[in-house]
Every structure is written in C-alpha cells, then in structure tokens.
Amino acid sequence: MDKQIVLDELKKAMLSCKADVIMAAVKSAVDAGMPSGEIIDGLAAGMTEVGDQFERGKLFLPHVMMAANGMQKAVETLDMGEAGATIKKVIINGTVEGDVHDIGKSIVSTMLQSSGFEVHDLGRDVPIAKFIEAVKEYNADMVGLSALMTTTLNGQRDVIELLKANGLRDKVKVMVGGAPATTAWAEKIGADCYAENATEAVEKAKALLL
Amino acid sequence: MATEYYLRMGDGKRVSMSKDKIKEEAIAGAGNAVDYGLVPDLSADEIDKIIEICIMPGKAVAVEFGMEVPVTHDIGTIRLDGDQGNSGVGIPSSRLVGMMMHERAFGADTMELGHIDYSFKPVKPIVSNECQMMEVAQQNMIVPLFYGAMPNMGLYYTPDGPFENPGDLLKAFKLDEAFASMEHSAEHLTRDIVWIMQKLMASGADGVNLDTTAAAGDADAYATLNAVKALREEFPDMYIEVGMAGESIIGMHGMLEFEGKILAGLWPHQQIGLVEKAGANVFGPVVNTNTSRSFPWNLARAITFTKEVSKISNIPLHVDMGMGVGGIPMLETPPIDAVTRASKAMVEMTGIDGI
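Residues numbered from 1 in each chain as written. Chains lettered and ligands numbered in written order. Predicted model: local features only at pLDDT ≥ 70, side-chain atom pairs only at ≥ 80, totals over all residues. Heavy atoms only, no water.

### Observations regarding the sheet that holds strand β4 (residues 173-177) of chain A
Residue and element names in this part refer to chain A. The strand order across the open sheet formed by five strands is β2-β1-β3-β4-β5, and the pairing between neighbours is parallel. Unpaired on one side and paired on the other, β2 (118-121) and β5 (193-194) mark the two borders of the sheet. With five bridges connecting them, strand β1 (residues 90-95) and strand β3 (residues 142-146) associate as parallel partners. Its bridge partner lying in β3, N93 is registered against G144. Helix α6 (residues 128-138) contacts β1, β2 and β3 of the sheet and is inclined by roughly 165 degrees relative to β1. (Pairing = 2+ DSSP bridges. Helix = DSSP H or I, 4+ residues; strand = E, 2+ residues; numbered from the N terminus. Contact = heavy atoms within 4.5 Å. Axes fitted to C-alpha atoms, helices over the stretch in contact; angles between N-to-C directions.)

What follows is the structure in structure tokens.
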C-alpha cells in the first residue's frame, strides 16, 4: 500500500463532495489495510481543503455540507476500536443580544459542524443568560459569540463577564467574530481568540480544542 | 536605523513601518488578490505609488488637481440624528434636514432617502410615508435623489420572515428544502423591490441605490439582479446603483444563475458584467479589509481587485470606501489618515468614477 496515494485519493474524494465517492474511497483505503485513524486524518485533510475552496469561492455551502455528510457516513462504517469512544468537542454558537444578524454566524456553525465539532447554534439576538445555560446544559468546550454591529459588540464582553461570575470562564474557550470585532477587541475583553471568517474559525477552534 | 512611518493595522491600531516593510506588505496584499481573484498583479510602479501615498507627511492627503470624483452617500439621511451609538452624531433633525445638509453643506453630489430599517421588506407597510417624504424632498433639493435600501434577503427567513431559514436547513442536511426556501425568498424579494420602487418612482425619485447586495449570499444577488432587470424594462431612464455587501458572493445556494452565469463565488471583476447586463447605471464594488493585516496590505489588495473591475467595466464605478472596506480600517469612525490615503490611491490608481 502506498500510503500517500491512498491519502490523496481520500482527499480527492472529499473534494468531490459526493457521499458515494467518499464511501468508495474509504472502502478502498480499508481494503488496502490503512488504519481507521489514518483514514480519518486523510478525510479531515480533504475537509480542510473543502473549507479553503469555500473561502476562495470555488465551492459553496451546500458542497461543504455534502462533503461533511459523506465524511460522517464514511466514518460510521469504520471500526474505530477504543478511538470510537472519543467524545466530540462541543461548541455553543450564537449572535449576541440585540443583534439580529444570522447568516455569517450560521456559516461558521456549519463549517464547525462540518469539521467534526458538536455545534449548538442558539440563533441570533440571544440573551446573555442563555449562553450560560447552554454552556452548562451541553458541557461546552467553547462559546462562539458573533456581533455585526458596533452597538452590540459589548454583548460579547457581557457574556464573558457572566461566564466569570458563574465560575465557568476557565472551563470554556471563547471565540469572537463579526464585522466590527477585531483581534484587539478580543484581547481587550479577554476572549481567547478572534476569527476573521468561517475558515479561520475552524482553524482556531481546532488549535484551541484539539 | 530606517525611517519609520506611522500607519495602521486593519483594525485601526497605530503601527510604524519602514519603507521596506511597507513595500513588502503592499506586494503581499496585491499577491493575495492575485491568488484569490486570479487578477493581474500590480506593477512595480504601482507598488511604488502605494508606498508614496502611504508615507506622505500630512495627516490627511488629497487627490491631485483635476482628479476629483463625485461622492455619494448611503445612509446620510439619518446619519445626523442617529443617537444610539451607531453611525449618527445625535443632532435632532428630520430626514429632510439630513438630506439637505448633505447637499448644501457637505458637498454630496447625490443623495438618497433612506428609512431607519434600511431594508426593502420593512418599507412595504410604510411605503406611503416614504412616498410623501420623497415628494417633499424632491421639492426642496437639486442633486439627484434616490431611494436607498438593502435587499437584505435574511429578512425573508425565519424568524423574521415566512420561509424556513436555509442556514438551519443546511445544518440539518436538508439541501433541497434549503434551495427551495432560498428560491421562494428570492421571488418575494424581487417582487418587493420592484413594487416599492414603482411607488417611489411615481413620487418623483430619480432612482434607486441597492445597498449591500448579496449580503445573504447568491440568492440575494439573484433576486436583486432580477429586480434591476425588471425596473430597467419598466423605467428606461431610471438611475440604478448596485452596491455590493462583500467582495465575493457567498454560495449559500450554489446553483443560481443570472444570464447563464452561476452567481456563487464571483469576485468584483466577475460581478460587473452581470450588473451591466441587468441594466444598472453604476456599480459599487467592495473589497473587504482584513483586520489582522496592515493598511498597505489591505490597500494594495483593494487596488488590485478594483483596478481589474475598472478595466472591464462599461458603466461608472462608485467604489465602496468606508468602515472595513476599500483598504480602510474597521473602525466606527474611520481614521482620516487612512480614509484619505485609501481614497487618493483608489481614485488615482484605478480609474474609478466616484466614491
């Protein structure tokens, strides 16, 4: 088995965004004797490429979802042994109170979900207390806070302060995003990171959680 | 030690850079546009011109004599009296006063009437008020006065509208339902834009400014371009300006076409042809500012994209220059040093017709 050829085939299959092609590539990899963990790494590399192509406007959101769906189905067919018990990292995502912008945040949720995270999207105009409730309910590892207006940015800080007041801040990472948010703002309010776009959100979530 | 020049990051933070560093950043920014948009790179002379503008000693700079261009304003109608920490400055004034101030005191070359929600859908139940305001404003003003609003197709999705939110449907892998929701919303958005503008045109409007087109992705662009086409057929002399929301049309749907071309993933130089075909008079291309990158990086990137649009375009370009676009940092009140440098570079280097 030429490992690199098999990995390239897995990546190529992911870029096709077709479940049957991805399933076939995974079956070939299994038949060639590749361990399940390495197959998943190959699929994940393909998913990263899908995200990059989305950012470049070469692939679109339905493609991202189709690729993620194919990957999910393919992984379910693998014998993961003990690794199969690995628990997904949980991310709470939402647009802060007073801000009704939804689309950018939804794209971030979709991309995170496509990358293997368990995402609970609370929607938009989310009261700050609801973020805290969700962190407790889902035992979250990260909170994603979106705001698209300068007038609602403070909501991101309010959620962080409420996390502190509830003794949860050290248990979760906080990512902020949205047009007026910046790295400087993230540092100022004590967030763990700022993401410029959906692709960067995935990269930073992986860096902080995996 | 090399001389350092004060510039900014894309988030507005003050930084100092040597001339060599500015050059390095400008080359990298232009290279990013080449990489993403597959547009021609800037020449060495053009990079030098960007450096020259970046290191000019004045806090504010200006275009050379004879290179002045018209400036138009979008939400200026309510910028004076906005008092909730948004773009406004809290001066109690009516919309008419706001528009007349822009015409007579601030030198705006065109102006628009806009509503606080600044989206077409919420105008439907109050269109009579808008028509009255348009008539009164036209009786008091000389500059071309348009009606301005965002297509804002997100308002047609739950929880704001009747159609299920495609973001939720996509996350649930319900692709066909998501496509149907976007297509139905687009039909309604086209119909609403046309209906509202029929009323406003009957009330004396000189045209329409479709602001932040494609904010909700390719279906938003699809609906807007079809509305432009319908309006052009009905009003051959109407002024129609199409301004974009972002540099690339996000593929929420992915398969919607206008005039045989898939809309998703189009960059500014690929958008202009379709805007022309739809029948618009003016196009407002957008290049987003990356807040983690420097001013020279962002400016060179914006110039590289816009230059290509300008080369291809057969209609006037009024480039979006402001908070977080056109190389200008993302700040509530964009810093004058960056605004004037970016504007000077954009006008002198790309051949645009207005801002």
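Structure's up, so let's keep going.
### Some points on the interface of chain B and chain A
At the interface, 35 residues of chain B touch 32 residues of chain A. Taken over both partners, the interface formed by chain B and chain A buries close to 2600 Å², and the fraction arising from carbon and sulfur atoms is 59%. At the junction of chain B with chain A, the criterion picks out eleven residue pairs in polar contact (both at pLDDT 80 or more). When residues of the side of chain B that touches chain A are traced back to their parent elements, those giving at least two are α1 (19-37), α6 (166-171) and α7 (175-202) of chain B. At three residues, the largest contribution of residues to the side of chain B that touches chain A is made by α6 of chain B. Of the residues that constitute the side of chain B that touches chain A, the class distribution is 16 nonpolar, 14 polar and five charged. (Buried area = accessible area lost by both parts, 1.4 Å probe. Polar contact = N/O pair within 3.5 Å; in protein donor to acceptor, adjacent residues only side chain to side chain. Nonpolar A, V, L, I, M, F, W, Y, C, P; charged D, E, K, R; others polar.)

### Concerning the side chain of S146 of chain A
All names here are of chain A. Secondary-structure assignment places S146 in strand β3. Take S146: its relative accessible area is 14%, and that puts it in the buried class. Every residue in contact with S146, bar those within four places of it in the chain, is listed here: G94, T95, V96, K105, Q156 and G177. (Buried < 20%, exposed > 50% of the residue type's maximum accessible area, 1.4 Å probe, protein only.)

### Here's the deal with the pairing of strand β2 (residues 14-18) of chain B
Residue and element names in this part refer to chain B. Bridge count between strand β1 (residues 4-8) and β2: five bridges; the pairing is antiparallel. Bridge pairing in β2 links Y6 to S16. Between the end of β1 and the start of β2, which pair antiparallel, lie five residues, with G12 showing a positive phi angle near 95 degrees.

### What about the packing of helix α2 (residues 44-54) of chain B against helix α11 (residues 336-350) of chain B?
All names here are of chain B. Two elements in contact, α2 and α11, have axes whose closest approach is 10 Å; the angle formed by their N-to-C orientations is 150 degrees. Relative to α11, α2 is oriented roughly antiparallel. You can see that α2 and α11 cross each other, and the crossing is right-handed. The segment α2 lies against α11, with E46, K49, I50, I53 and C54 engaging R341, K344, A345, E348 and M349. (Parallel < 35°, antiparallel > 145°, perpendicular 65-115°, else oblique. Left-handed = near helix turned anticlockwise from the far one by under 90°.)

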